[in-house]
Amino acid sequence: MTHDRPHSRVGAGLLVALAAAFSFGMSGAWARGLIDAGWTPGAAVTARVWVAALVLLVPTLIALRGRWGLVRRNLGMIAVYGLLAVAATQLFYFQAVAVMDVGLALLIEYTAPVAVVLWLWMRRGEKPTGRSILGAAIAFVGLVLMLDILTGARVDLGGILWALGAMIGAATYFVLSGRSDTGLPPIALAGLGLLLGALGFTVAGLTGILPMAWTTADVAYRFGTVPWFVPVLAMGVIATAVAYTLGIASTRMLGSRLASFVALAEVVAALLFGWLLLGQLPNAVQAIGGVLVLAGVVLVKLGEPAQAADPVVEPVPAARIG
């Protein structure tokens, strides 16, 4: 996977990629605290996206200096990316974590690579390899176990549907981020997508389409209470703006294929922060299912054609979903 990259560069890239994954992985736990305190998922995600968009605004403008023609040529793709791949995905994920455990919601969302394989098969006739088919089957079995259906446990259907919606948005994210014909710098695509998503959320909130409610009361977590702006800044600055920047850097150091594997650490991070901040832990059956989902996604990724895994232009790092 690493080809001829110097070992020191790969080692540094792995550390940066892990930092990005753990930064992204904390968003759901911080958001759940806000939601339990009286924030709607729409208000929480709007605050997150606005903070991140403002932090990335200057880097985006610098990256696009003298290259605004690229924005005009790719306006339609940027709109789909910002409204569906970024905004809708994050909103659906926050809607899911409002009613189910953070780690489980992210695991469902992380079946997106399987959806991408199916999309490419149906849309472009790119038949998946045997390894990808096996991986998809394993991920499906893991998903059934993870939802704890077989033991008769109560399953929140709404939460599952929201998480599946986030999965579709994430699959869209992967497809659009991997395009090599736009010429857009990765950080510019991320910044424009976040800004467009923030504007979209604001319009939806002002028109009453997206329920918006928030409070300035302190927010309770497992370790104690904090002012409301602490989780907002943690989500916007660390779990989005910093995470995107670290993810882009690691992708350029490792290549998109290896970076996408390391990005799976985001699921572990989500489980860890779900436990640290909220006291959430999956039961034994769900844990086994989660391991199978991750194993299946790894097999799907191993089954990707080499040319599809490392496009000419490095994509925005995988994940930036949660």
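What you are looking at is a predicted structure, and each value in this text was computed from that prediction instead of being measured. (Residues numbered from 1 in each chain as written. Predicted model: local features only at pLDDT ≥ 70, side-chain atom pairs only at ≥ 80, totals over all residues. Heavy atoms only, no water.)

S.K.: Looking at this model, I keep getting lost on the overall build of the chain. Mind explaining?
M.R.: Helix and strand counts for the chain come out as 15 helices and two strands. The contacts in the chain between residues at least 6 apart in sequence include a share of 90% that link residues at least 24 apart. Accessible surface for the chain amounts to roughly 13,700 Å². Of this, 70% is attributable to carbon and sulfur atoms. (Helix = DSSP H or I, 4+ residues; strand = E, 2+ residues; numbered from the N terminus. Contact = heavy atoms within 4.5 Å. Areas by Shrake-Rupley, 256 points an atom, 1.4 Å probe, with all protein chains shown as cover.)

S.K.: Got a minute to help me understand the packing of aromatic side chains in this structure?
M.R.: For any two aromatic rings, the description comes down to two numbers: the centre-to-centre distance and the angle of the planes. All told, the structure shown has seven aromatic pairs when counted by the stated rule. Geometrically, the ring pair formed by F24 and Y244 is edge-to-face, given 5.5 Å between the ring centres and 80° between the ring planes. Taken together, the residues span a long stretch of sequence, with F24 in helix 1 (residues 7-25) and Y244 in helix 11 (residues 229-254) at a distance of 220 residues. You can call F24 buried: its relative accessible area is 1%. Here the aromatic rings of Y221 and F223 are separated by 5.9 Å at their centres, their planes lie at 10°, and the arrangement is stacked. Exposure remark for Y221: the relative accessible area of 8% places this residue in the buried category. An aromatic cluster of three or more residues is present, and its members are W30, Y221 and F223. (Phe/Tyr/Trp six-rings, centres within 6.5 Å; stacked < 30°, edge-to-face > 60°. Buried < 20%, exposed > 50% of the residue type's maximum accessible area, 1.4 Å probe, protein only.)

S.K.: Quick question: what am I supposed to make of the environment of V141 here?
M.R.: Structurally, V141 can be placed in helix 8 (residues 130-146). Placed 151 residues apart in sequence, V141 and L292 show a C-alpha to C-alpha distance of 7.3 Å.

S.K.: Got a minute to help me understand the pattern of salt bridges in this structure?
M.R.: Two side chains bearing opposite charge may form a pair once their charged atoms approach each other closely. Tallied over the entire structure, the rule returns one salt bridge. A salt bridge links D36 to R32; the nearest nitrogen and oxygen atoms lie 3.1 Å apart. Remark: R32 and D36 occur in helix 2 (residues 27-37); sequence separation between them is four residues, near one turn of the helix. (Salt bridge = Lys/Arg side-chain N within 4 Å of Asp/Glu carboxyl O.)

S.K.: What exactly am I supposed to notice about the packing of helix 5 (residues 75-97) against helix 6 (residues 102-109) here?
M.R.: When two helices pack together, you describe them by how their axes are tilted relative to each other and by the distance separating the axes. Between helix 5 and helix 6, the shortest axis-to-axis distance is 9 Å and the interhelical angle comes to 140°. The angle between helix 5 and helix 6 places the two elements in the oblique class. At the point where helix 5 passes helix 6, the crossing takes the right-handed sense. Between helix 5, through T89, Y93, A96 and V97, and helix 6, the contact on the second element is made entirely by V102, A105, L106 and E109. (Axes fitted to C-alpha atoms, helices over the stretch in contact; angles between N-to-C directions. Parallel < 35°, antiparallel > 145°, perpendicular 65-115°, else oblique. Left-handed = near helix turned anticlockwise from the far one by under 90°.)

S.K.: So what exactly am I meant to see when it comes to a nonpolar patch on the surface here?
M.R.: Among the surface-exposed residues, L18, F22, V268, L272, W275, L276 and L281 lie close enough to one another that they form a single nonpolar patch of about 570 Å² accessible area. Contributing elements (two or more residues each) for the nonpolar patch: helix 1 and helix 13 (265-278). Here the nonpolar patch takes four residues from helix 13, the largest share from any one element. Tracing the sequence through the fold places L272 in helix 13. (Patch = residues over 30% accessible without salt bridge, like charges linked within 9 Å, V, L, I, M, F, W, Y side chains within 5 Å.)

S.K.: I keep staring at the side chain of T60 and nothing clicks. Help me out?
M.R.: Among the structural elements, T60 can be located in helix 3 (residues 41-63). Discounting residues that sit within four places of it in the chain, T60 has contacts with I187, A188, G191 and L192.

S.K.: Hey, could you run me through the environment of G130 in this one?
M.R.: Positionally, G130 belongs in helix 8. Along the backbone, G130 and L299 are 169 residues apart, and their C-alpha atoms lie at a distance of 9.7 Å.

S.K.: For this particular structure, what's the right way to read the environment of A259?
M.R.: With respect to the helices, strands and loops of the structure, A259 is situated in helix 12 (residues 256-262). Put simply, A259 and I248 are 11 residues apart on the chain and 9.4 Å apart in space, counted from C-alpha to C-alpha. Contact partners of A259, with chain neighbours within four places excluded, come to S250, T251 and L254.

Purely geometric numbers; function is a separate question.
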